[in-house]
Every structure is written in structure tokens, then in C-alpha cells.
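Here is how the chains run, residue by residue.
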Amino acid sequence: QVQLVESGGGVVQAGGSLRLSCAASGPIFSSYGMGWFRQAPGKGREFVGAINWNGKNTGYADSVKGRFTISRDNAKNTVSLQMNSLNPEDTAVYYCAARFGRTTVVTTTPSGMDYWGKGTQVTVSS
């Protein structure tokens, strides 16, 4: 099975940038689509961005499109989320997730993911 560990969370001022990383333990990382989701206090887990198994297809939530960029390095078994122009509404626990399958589409629902990391806190101050 796949084990995921997020890192890079922290506190940043509005307008700043942060880069999150997710390290996967699976030996067949390239067989999984990857995604980032977030959950703010009192709210459900929502989609942020996703990337398919070979990195040729990506998708983003409208709220982060143009500001966030997801990428992956299959040789290093990592996926990253570059977050720019952060605002307080981006404050949440960010989760890395994986879904088995070499597809050309990305999964945008939490229920569609097979494995989850424990999350990393991102706090954007005003």
C-alpha cells in the first residue's frame, strides 16, 4: 500500500507563497494519480488540485486556479503544491492523496482517493 507524508506547512502572510511536498513510500508511484485537498475548521474536505500518473494532466479548483501549481517527480516519489498569492481563505489543513490508476483524467472528489496523508497545517495571516 501507499503511505503519504506531507511537509512544508506553516504560517505565511497574505500575498506570500508556500510550497508543500508529499513523499510517497510505494514502489510503483507512477501508477497513481495524486491530489491535494484541504479542510478548514468546521468545513468539509475540498478539492484543491490533482495530477495524473505521468503528470500530463492536471486540474484545479476554481478558487486556486492561476495561483497554485501541482507537480510531481516520479523518480523521487514526490508530489508538490506551489501556492502563490495566498489569502486568509486558503487557511486549512492540506492533505496529500493518491488514487491507483494510469488514467488521463484526474479525481476531484475525496471519495475517489484511495490513500491519504495525515495533513499539514497552512495558516495565512492578514
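Right above here is the structure, for reference.
Residues numbered from 1 in each chain as written. Predicted model: local features only at pLDDT ≥ 70, side-chain atom pairs only at ≥ 80, totals over all residues. Heavy atoms only, no water.

1. Side note on the state of the cysteines
Then step 1. Summed over all chains, the structure comprises 1 disulfide.
Then step 2. The disulfide partner of C22 is C96, and the gap between their sulfur atoms is 2.1 Å. Judged by the sign of its S-S torsion, about -80°, the cystine formed by C22 and C96 is left-handed. Of this pair, C22 sits in strand β3 (residues 18–24) while C96 sits in strand β9 (residues 92–100); the two residues are 74 residues apart in sequence, bridging distant segments of the chain.
Then step 3. Under the relative-accessibility criterion, C96 is labelled buried at 0%. (Disulfide = S-S within 2.5 Å. Helix = DSSP H or I, 4+ residues; strand = E, 2+ residues; numbered from the N terminus. Buried < 20%, exposed > 50% of the residue type's maximum accessible area, 1.4 Å probe, protein only.)

2. Quick word on the packing of aromatic side chains
Then step 1. In total, this model carries 5 aromatic pairs according to the counting rule given.
Then step 2. Taking the centre distance of 5.7 Å and the plane angle of 70° together, the rings of F37 and F47 count as edge-to-face. Of this pair, F37 sits in strand β4 (residues 32–39) while F47 sits in strand β5 (residues 46–51), and the two are 10 residues apart along the sequence.
Then step 3. Using a relative accessible area of 0% as the deciding quantity, one classes F37 as buried.
Then step 4. Accessibility expressed as a relative area gives 13% for F47, which makes it buried.
Then step 5. Look at Y95 and W116: their rings are 6.4 Å apart centre to centre, the planes differ by 80°, and that puts the pair in the edge-to-face class. Taken together, the residues Y95 in strand β9 and W116 in strand β10 (residues 115–116) connect sequence positions 21 residues apart.
Then step 6. Residue classification places W116 among the partly exposed residues on the basis of a relative accessible area of 29%. (Phe/Tyr/Trp six-rings, centres within 6.5 Å; stacked < 30°, edge-to-face > 60°.)

3. A closer look at the pattern of salt bridges
Then step 1. Enumeration over the complete set of coordinates arrives at 4 salt bridges.
Then step 2. R38 is paired through a salt bridge with D90; the nearest N and O atoms lie 2.9 Å apart. With R38 in strand β4 and D90 in the loop between β8 (78–83) and β9, this pair connects stretches of sequence that are 52 residues apart.
Then step 3. Given the relative accessible area of 1%, D90 is considered buried.
Then step 4. Between D62 and K65 there is a salt bridge, and its shortest N-O distance comes to 3.4 Å.
Then step 5. When salt bridges that share partners are traced, they join R38, E46, R67 and D90 into one network. (Salt bridge = Lys/Arg side-chain N within 4 Å of Asp/Glu carboxyl O.)

4. Observations regarding the nonpolar core
Then step 1. In this structure, M34, W36, L81, M83 and Y94 are the most contacted members of the largest nonpolar core, which totals 32 residues.
Then step 2. Secondary-structure elements contributing two or more residues to this core are β3, β4, β5, β7 (68–73), β8, β9 and β11 (120–125).
Then step 3. When residues in this core are grouped by element, the largest group, 5 residues, is from β9.
Then step 4. Not counting residues up to four positions away in its chain, the partners in contact with L81 are L18, R19, L20, W36, V48, F68, T69, I70 and Y94. (Core = buried A, V, L, I, M, F, W, Y, C linked by side-chain atoms within 4.5 Å. Contact = heavy atoms within 4.5 Å.)

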